[in-house]
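Chain and residue survey
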Amino acid sequence: MTHPEPTRLPDRLRDTQRLLFIAKHARWTGGLHPDDGNHALYHRETREILEGLGIPLVVENDYAALFTRPEADFVFPLLNRGGFYNSEMLLPLLCNRLGLPYVGASPIVRGLSDDKHLTKLEAAARGVPTAPWTLFRRGAPVDVSRCPPAKRWVIKPNNSSASWGIRDAHDRLELAQAVAEIHSLDHDAIVEPFLDGSDVEVPVITCRGEPTMLPMMIFEQADPTHLRTYQEKRDLVDRSAKYSLKLFDAGALAEQIIDYTRRMAEVFRPFDYGRFEFRIDFATGEVRLLEVNLNCNLWSDKVFGRAAVAAGFTQADLIETIVAESMIRQLVGFARRDAT
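The text that follows walks through the structure, step by step, so that each part is easy to find. Just so it is clear, the structure is predicted and the values come from calculations on it, not from any experiment. (Residues numbered from 1 in each chain as written. Predicted model: local features only at pLDDT ≥ 70, side-chain atom pairs only at ≥ 80, totals over all residues. Heavy atoms only, no water.)

1. Description of the nonpolar core
Grouped burial of nonpolar side chains is what soluble globular proteins tend to show. Note the cut-off: Buried Ala, Val, Leu, Ile, Met, Phe, Trp, Tyr and Cys residues form a nonpolar core when they are joined through side-chain atoms within 4.5 Å. Exposure is judged per residue with a 1.4 Å probe applied to protein chains only, and the accessible area is read against the type maximum: over 50% gives exposed, under 20% gives buried, and values in between give partly exposed. Here a helix means four or more residues in a row that DSSP labels H or I, a strand means two or more in a row labelled E, and each is numbered from the N terminus.
The biggest cluster of nonpolar side chains holds 40 residues, and the ones touching the most others in it are Phe76, Ile205 and Tyr273. For this core, the secondary structure elements donating two or more residues are β1 (19-22), α2 (38-51), β3 (74-77), β8 (198-207), β10 (217-221), β11 (243-247), α9 (303-310) and α10 (315-332).

Structural data, given as structure tokens:
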């Protein structure tokens, strides 16, 4: 782990670039959203920080803003989940079509990380352990006898975030029904044995052009068998007695996670920021990769925001660093970095 310093937006970029911020709740002014919960607060907070950077800011909340070239030179895209299959890739694709640089990974890399099956294949190729899994693409035959044996399975959309659509099953009849339900949502389904334990989150940003880990956090569960839900993650229900978010430091286990994160980060470079998630079973000492979330939630009250504070950043430092590093990478280049 390192002790990173915030990256400031160079004056020549601040003075010459116009930034487009596009997010579902980019114009939100209220509290919790009735469906999306704290996501609306996150988008509002990010917009307000960007407004304070002193760079001309255009604010939009719909993909249509990029159907033709906007009055902007650089894009900060947070409209990641558009309510349709593979929506994670649309904004960077629209930017590429218009020749606009943007924060985050390329569309194909965004798709690679968003597809949990493909991420697991990358992990297996690099010796990073995951739970065994079976993928059921929509339209392909479903034979749940192919699933790894387990007393309990987790079934979820292969492309989703914040545990949207997640469910569990305790026998193969329930398992088949759960897969059918995921398919009815127009998503592929991935099935894994449920892993007891708590989730360790590794936030990674770019500093001086290199992937840099912020302090690790853990969702410490009161019950290691609890299945965290979308409603809990979006603060739509009370989950205070179920798990809590804390800084994580567990010696050898932490070193193991750092090693695994370094291996996986190389798969996706350059990605500007992302969260690498692991499940730890403290009873056995096993560490397994769960998934990788690029362009993930940066809200100050979630993993990234709290890890940034632990690293000595303010939330404004975090957002400025992400935007500045991405702009420097694409508009200034590595060769001129030291002159910024």
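2. Here's the deal with the sheet that holds β1
Quick note on the threshold: Paired strands, as defined in this entry, are two strands with at least two bridges between them according to DSSP. Helix axes use the C-alpha atoms of the stretch in contact, all axes being lines fitted to C-alpha atoms, and the angles between their N-to-C directions lie in the range 0 to 180 degrees. Throughout, a residue-residue contact means that at least one pair of heavy atoms, one from each residue, lies within 4.5 Å.
Strand order in the open sheet formed by three strands is β2-β1-β3, and the pairing between neighbours is parallel. Strand pairing shows two members of the sheet lacking a second neighbour, β2 (57-60) and β3, which therefore form its edges. The average undirected angle you get between the axes of adjacent strands in this sheet is 20°. When β1 meets β3, the two strands line up parallel, connected through four bridges. Bridging from a neighbouring strand, Leu20 pairs with Val75 of β3. Sheet strands in contact with α10 are β1 and β3, and its direction is about 140° off that of β3.

3. Things to note about the packing of helix α5 (residues 116-125) against helix α8 (residues 252-268)
Threshold: Our angle categories are set so that under 35 degrees counts as roughly parallel, over 145 as roughly antiparallel, 65 to 115 as roughly perpendicular, and the remainder as oblique. What makes a crossing left-handed is the near helix being turned counterclockwise from the far one by less than a right angle; a clockwise turn instead makes it right-handed.
One way to put it is that α5 packs onto α8 with a least axis distance of 10 Å and a crossing angle of 120°. Between α5 and α8, the crossing angle belongs to the class labelled oblique. At the point where α5 passes α8, the crossing takes the right-handed sense. Side by side, α5 and α8 meet where Thr119, Glu122 and Ala123 of the first sit next to Met264, Val267 and Phe268 of the second.

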